Number of protein chains: 2
Amino acid sequence: MASITANHPISGNPLISFRPKNPFLQTQTLFNFKPSNPKHSNSSFSIPIVRCSIRRRPEYTPNHIPDPNYVRIFDTTLRDGEQSPGATMTTKEKLDVARQLAKLGVDIIEAGFPASSEADLEAVKLIAKEVGNGVYEEGYVPVICGLARCNKRDIDKAWEAVKYAKKPRIHTFIATSEIHMNYKLKMSRDEVVEKARSMVAYARSIGCEDVEFSPEDAGRSDPEFLYHILGEVIKAGATTLNIPDTVGYTVPEEFGQLIAKIKANTPGVEDVIISTHCQNDLGLSTANTLAGACAGARQLEVTINGIGERAGNASLEEVVMALKCRGEQVLGGLYTGINTQHILMSSKMVEEYSGLHVQPHKAIVGANAFAHESGIHQDGMLKHKDTYEIISPEDIGLNRANESGIVLGKLSGRHALQAKMLELGYEIEGKELDDLFWRFKSVAEKKKKITDDDLIALMSDEVFQPQFVWQLQNVQVTCGSLGLSTATVKLIDADGQEHISCSVGTGPVDAAYKAVDLIVKVPVTLLEYSMNAVTQGIDAIASTRVLIRGENGHTSTHALTGETVHRTFSGTGADMDIVISSVRAYVGALNKMMSFRKLLAKNNKPEGSAVI
Amino acid sequence: MASITANHPISGNPLISFRPKNPFLQTQTLFNFKPSNPKHSNSSFSIPIVRCSIRRRPEYTPNHIPDPNYVRIFDTTLRDGEQSPGATMTTKEKLDVARQLAKLGVDIIEAGFPASSEADLEAVKLIAKEVGNGVYEEGYVPVICGLARCNKRDIDKAWEAVKYAKKPRIHTFIATSEIHMNYKLKMSRDEVVEKARSMVAYARSIGCEDVEFSPEDAGRSDPEFLYHILGEVIKAGATTLNIPDTVGYTVPEEFGQLIAKIKANTPGVEDVIISTHCQNDLGLSTANTLAGACAGARQLEVTINGIGERAGNASLEEVVMALKCRGEQVLGGLYTGINTQHILMSSKMVEEYSGLHVQPHKAIVGANAFAHESGIHQDGMLKHKDTYEIISPEDIGLNRANESGIVLGKLSGRHALQAKMLELGYEIEGKELDDLFWRFKSVAEKKKKITDDDLIALMSDEVFQPQFVWQLQNVQVTCGSLGLSTATVKLIDADGQEHISCSVGTGPVDAAYKAVDLIVKVPVTLLEYSMNAVTQGIDAIASTRVLIRGENGHTSTHALTGETVHRTFSGTGADMDIVISSVRAYVGALNKMMSFRKLLAKNNKPEGSAVI
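Fair warning: this is a prediction, and the values are worked out from it, not measured in the lab.

Asks: Got a minute to help me understand the overall build of chain A in this structure?
Replies: A count of helices and strands for chain A gives 17 helices and 19 strands. Across the 612 residues that make up chain A, the buried fraction comes to 67%. In chain A, of all internal contacts separated by at least 6 residues, the share reaching a separation of at least 24 is 67%. As displayed, chain A has an accessible area near 20,500 Å², and 52% of this comes from carbon and sulfur atoms.

In structure tokens:
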């Protein structure tokens, strides 16, 4: 099979001349079914096996990986993901996500863009201190990374935040495509090279030994110029070179070629790690990322659920599962250190906090990804699940076994609830457990069968809530097509004071939100509102999500465009009554916004200290 | 740049030996920014230009395309998409989608699987008659295709349905992977070949001149066996050979190789069209499809929004826009006949009818795909939109110009509304216009600014509704955390009779749905419930979607597994009051289910005539 040439059916012209190019491909048993599916070694569904831990994660040195097949996963959910519309997270939420990313075994966590606002700086600092000093399995500690544009102030802010981590990294970038240099930077090529060189050197000089550099819009940059600037930043001390396809413009072969050419032509490239960062504008980010890895990139930048601006980034779960399922066979033996059993929980947490929902047919983590239209199995075919399932749900943490686990009823006690939540992957105790228990009891009284999904919804509602400023006590509504919708709301403030107000509106939610506004008196705009029933049946728990923007807005600086952006805040609420669930979500979003405000007030800084 | 070898930074071993393999790549100006973006030729935002029609669509002959660069788009939204969980559409809805696909310029519409149920057969027949005989721009008429397993009964049913079209096609398939042949078919290789050969010949013998054959699970089949069976069906008269990656298992290079090898090794392949059909389980379907096209496939099977079972199929919009944006430059000059300006409307219609929502960061059609976090443009950079935007929104039918188009207020008349709807892409008149007008008036009285999105939501609610059996007249609700939720509902039946009922429930929706159940008396299970505000602001219109399954279920046969599946029905409703919107959706879903029932009753057939 050295060379195969295909001809066009009509013209007879050769369409594509194929030569296997990856040396790993030569020895594989391509198209041979037998050894392909890792599931064959796991016939029991009740005992999930973490196959990823077969190989140990190599020790971390910034510019070197001892095992040539190991690929680092760099997660930028908290930076690139969080800057997407409406995805603003509070400091507590960011810390939760960072902890989850550490559980997942992400090699590098990009925790934020510290120069964008004081709130961002504080969040990155907290993550560096807490998560960047944790000790996880096998002595692994994640690298904590902060983004900085190529200027001293940004780099100082980034270092101020990440230096508390055991393994701190600064990630600095400047655009290198003609269109960006001309229209955004208004700088010449030489000026851009000098800026990049001097700022990488500056980051090293202040004590950071792990410095990543990105030539923004690399996908549309002149390759000769890329080799040059990358060579210069290597000399200046960069340890990782990240190649972003900023506008999601490339196709896989093209992006793979770009990585291969950079590896072939950049002076000194043998002393650094090459990284990919692929946007998804044409739906090709996962394929581009894998093409980059096959061409020699050993760090892949991804986000949970593929969130990010516009069409988002390559998604962690797709890239990691493709490497896990096909790495041995067709992707050069590449592997990652990700514990895939935490994928589903990570996906749910990020969906919850970012307010960016996942479509049912999203690969790996969508609700339908493992669902088959329920049917009568006529020929026992589905006993052999591999006929239509290439990944077992257990591999990503969807444990079917749990369905026959602990069953809760309305007489179940606090301890049973705690045990059940642990089974579902949540460790809770103290006040959180108390609050959840009372919510659980009130649902158990109304609903015969309490499912795992019900519990997870209540859990999200309780645990994923921001620190409260206002708390909903009661709401009462009259509405319908015959009369004016009227709502009465009772809220409790941080000092325990009760506040009651009523309002009319165009519908029950409008009326209730107006009543809340009369009490809270913070002008906001409701940007988005959505609701889902989390379980089947008419008596399901409804989970509501809202997105608001304060009229005296919180702002931060956008990393790439340099624009001042208005922060928006999401809130979620769960209840069997959709009006109550809607009000809980709204109060949650208000609390989130006010926590932001409080943090800034505490630091005695003006709101949203934007950087120009 | 004949050969570039990249070495691993540490080991020094060659990682990938790159040789440009596509002859088209040799002449391109890769990485050179200038000529890349087609938008450069379209500086005016107010006059959208349909660039796709620059080249004429070649004339249709089943097994031959006169222009070697033309790629056929085969849409299977109505077959593969519609069989995904909850995506059941009524005959009217299927006809609407088929008409929209014809507007879009899809070459082949796979309209259904006629043997799966009488309802499917009727729908395919109707589409063949109506859409398969329309005459569209440049004399184009879409091919109408029906799916059939490799047996005479299925093929007869398919022919019975599609034969009314000007260009009918039968698509038959049988599995060719060891795992499927052993566990599902329980047939030997020879038996499978004989079955395929004889059934393709049978389809030709009954008068169908356009026959497509698919070896199911081709991605996991022995390639030598594939060449053999494909060669046999070509001899038997197949005109298109479709290569499905049924389990979404392959990576792009591997799938491209498979297509190239089939083109190189299958006897007689020069007389047929090779097609791709890629599932998205690893998030690689778009890349795999493009790899197939680059390797010589000239038909691409896709669905709108990428819907389909599990993680769905390659999505039409991603594949088409990638070819449009990068076809000239890096994809061998390939092009399609799709009028991309209808993409957005097609996406919204399929989202509405299938009940499968699209995530905000979905490439091309997601709500954020063209949204940037709103910001203060500090340096005028965004005047040059190409810095971050590779596709202009107008290209897919998102017309920013409309914002300054006709503005409606509460004094606007019927004619202004009709003109506005036409501007938004909807042609309505008669009763539909009347109904919409009264809904519009009632919203206009409560809401100052009526946005395009408001109108589209009302339109969806009116026009995308199934024929009504029950109609909601009034609903009134009292609820809240203090008391028992109580709802009163007044419905009107098909004969104009009023029915009133009341019920209590765990929340306002539960109460209202129970009141509806007391009137309608058809036992159903509510499977899913979701709601979205379609515009910003607290007084937005809320759009609700529900999914139900009748307890005396409608069934059909699943094309691939052969299982009997229970049909589920979605309904949508829009109103400023979330309770009213919820009840409208529920009544809509009940009507959809009962329309299905009526059709079957009319044909005097038992419900859900499943085929074994």
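Asks: Which parts of the structure should I look at to understand the packing of helix 3 (residues 91–104) of chain A against helix 4 (residues 118–130) of chain A?
Replies: Packed helices, taken two at a time, are described by the angle their axes make and the gap between the axes. Residues and elements named next belong to chain A. One can describe the packing of helix 3 onto helix 4 by two numbers: an axis separation of 9 Å at closest approach and a directional angle of 35°. The chirality of how helix 3 crosses helix 4 is right-handed. The residues of helix 4 that touch helix 3, namely those facing Thr91, Lys94, Leu95, Ala98 and Arg99, are Ala119, Asp120, Ala123, Leu126, Ile127 and Glu130. Partitioning the contact of helix 3 with helix 4 into residue classes produces six nonpolar, one polar and four charged.

Asks: Looking at this structure, how should I read the side chain of Arg298(B)?
Replies: All names here are of chain B. On the secondary structure map, Arg298 appears in the loop between helix 10 (285–294) and strand 10 (299–302). For the buried residue Arg298, which engages in no salt bridge, the nearest side chain bearing the opposite charge is Asp67, 7.5 Å off. Side-chain polar atoms of Arg298 contact the backbone oxygen of Ala293, separated by 2.9 Å.

Asks: Quick question: what am I supposed to make of the state of the cysteines here?
Replies: Residues and elements named next belong to chain B. Under the counting rule described, the total for this entry stands at zero disulfides over all chains. Considering cysteine sulfurs only, Cys208 is the nearest to Cys145, which forms no disulfide, with 8.4 Å between them. Counting only cysteine sulfurs, Cys294 is the nearest neighbor of Cys278, a cysteine outside any disulfide, at a range of 12 Å. A relative accessible area of 0% places Cys278 in the buried class.

Asks: I keep staring at the pairing of strand 6 (residues 168–175) of chain B and nothing clicks. Help me out?
Replies: One face of the sheet, then the other: side chains in a regular strand alternate in exactly this way. Residue and element names in this part refer to chain B. Within strand 6, eight of the eight residues are buried, leaving the element largely enclosed by the surrounding structure. When strand 5 (residues 143–149) meets strand 6, the two strands line up parallel, connected through six bridges. Across the sheet, Arg149 pairs through a bridge with Phe173, a residue of strand 6. The parallel pair strand 5 and strand 6 is bridged by helix 5 (residues 152–162), and the resulting crossover is right-handed. Pairing analysis gives six bridges linking strand 6 to strand 7 (residues 211–216), with the strands arranged parallel. Looking across to strand 7, one finds that Ile170 is bridged to Val211.

Asks: Looking at this structure, how should I read the confidence of the model for chain A?
Replies: Regions with low pLDDT should not have their predicted coordinates read in detail. Residues and elements named next belong to chain A. Chain-level statistics for chain A give a pLDDT mean of 80 and a share of 79% at 70 or above. Counted against residues more than four places away or in other chains, residues 400–404, with its pLDDT under 50, gives 11 contacts. At the level of chain-chain contacts, confidence expressed as ipTM amounts to 0.75, with global pTM at 0.77.

Asks: How do you make sense of the pattern of salt bridges when you look at a structure like this?
Replies: A side chain of one charge can pair with a side chain of the opposite charge if their charged atoms are brought near each other. Residue and element names in this part refer to chain A. In the structure shown here, the tally under the stated rule is 54 salt bridges over all chains. For Lys362, the salt bridge is made with Glu318, and the minimal N-O distance between the two is 2.7 Å. Pair noted here: Lys362 is in the loop between helix 12 (343–354) and strand 11 (375–376) and Glu318 is in helix 11 (residues 316–330), with a separation of 44 residues, a long-range link. Where Asp434 meets Arg414, a salt bridge forms, and the shortest distance between an N and an O atom there is 2.4 Å.

Asks: Would you mind going over the packing of helix 7 (residues 189–205) of chain B against helix 8 (residues 223–236) of chain B with me for this structure?
Replies: All names here are of chain B. Where helix 7 meets helix 8, the closest approach of the two axes is 8 Å, and the angle between their N-to-C directions is 25°. Classified by the angle between their axes, helix 7 and helix 8 sit roughly parallel to one another. Handedness of the crossing formed by helix 7 with helix 8: right-handed. Of helix 8, the residues touching helix 7 (which contributes Arg189, Val192, Val193, Ala196, Arg197, Val200, Ala201 and Arg204) are Phe225, His228, Ile229, Glu232, Val233 and Ala236. Of the residues in the contact of helix 7 with helix 8, the class split is nine nonpolar, one polar and four charged.

Asks: Sorry, what's going on with the sheet that holds strand 16 (residues 542–550) of chain A here?
Replies: Strands in a sheet are paired, the pairing made by backbone hydrogen bonds, and the direction either parallel or antiparallel. Spatially, six strands are ordered 19(A)-16(A)-15(A)-15(B)-16(B)-19(B) in an open sheet, and the strand pairing comes out antiparallel. On the outer flanks of this sheet lie strand 19 (569–575) of chain A together with strand 19 (569–575) of chain B, each paired with one strand and no other. Going across the sheet, the axis of each strand differs from the next one's by a mean of 15°, ignoring polarity.

Asks: Sorry, what's going on with the nonpolar core here?
Replies: Generally speaking, a soluble globular protein has its nonpolar side chains buried in company with each other. Core analysis: the largest hydrophobic core is formed by 212 residues, its most contacted members being Phe213(A) and Phe213(B). If you look at the next biggest cluster of nonpolar residues, it comprises 76 residues, including Val522(A), Phe569(A), Ala511(B) and Tyr513(B).

Asks: Explain the UniProt feature "domain: Pyruvate carboxyltransferase" (unreviewed entry) in chain A here, please?
Replies: Residues annotated by UniProt as "domain: Pyruvate carboxyltransferase" (unreviewed entry) correspond here to residues 71–344 of chain A. Segment residues 71–344 of chain A splits into 45% helix and 17% strand. End C-alpha atoms: 21 Å apart.

Asks: Even after reading the chapter, I still don't get the environment of Ala589(B), so can you show me in this structure?
Replies: Residue and element names in this part refer to chain B. Here Ala589 lies in helix 17 (residues 578–602). Through-space distance from the C-alpha of Ala589 to that of Arg545 is 8.8 Å; in sequence the pair is 44 residues apart. Not counting residues within four places of it along the chain, the set of residues in contact with Ala589 comprises Val546, Ile548, Phe569, Ser570 and Gly571.

Calculation rules
Residues numbered from 1 in each chain as written. Chains lettered and ligands numbered in written order. Predicted model: local features only at pLDDT ≥ 70, side-chain atom pairs only at ≥ 80, totals over all residues. Heavy atoms only, no water. Helix = DSSP H or I, 4+ residues; strand = E, 2+ residues; numbered from the N terminus. Buried < 20%, exposed > 50% of the residue type's maximum accessible area, 1.4 Å probe, protein only. Contact = heavy atoms within 4.5 Å. Areas by Shrake-Rupley, 256 points an atom, 1.4 Å probe, with all protein chains shown as cover. Axes fitted to C-alpha atoms, helices over the stretch in contact; angles between N-to-C directions. Left-handed = near helix turned anticlockwise from the far one by under 90°. Nonpolar A, V, L, I, M, F, W, Y, C, P; charged D, E, K, R; others polar. Lys, Arg positive; Asp, Glu negative; His and termini not counted. Salt bridge = Lys/Arg side-chain N within 4 Å of Asp/Glu carboxyl O. Polar contact = N/O pair within 3.5 Å; in protein donor to acceptor, adjacent residues only side chain to side chain. Disulfide = S-S within 2.5 Å. Pairing = 2+ DSSP bridges. Right-handed = clockwise from strand over helix to strand, strands pointing away. pLDDT = per-residue confidence, 0-100. Parallel < 35°, antiparallel > 145°, perpendicular 65-115°, else oblique. Core = buried A, V, L, I, M, F, W, Y, C linked by side-chain atoms within 4.5 Å. UniProt positions renumbered as here; feature names shortened; annotations may be inferred.

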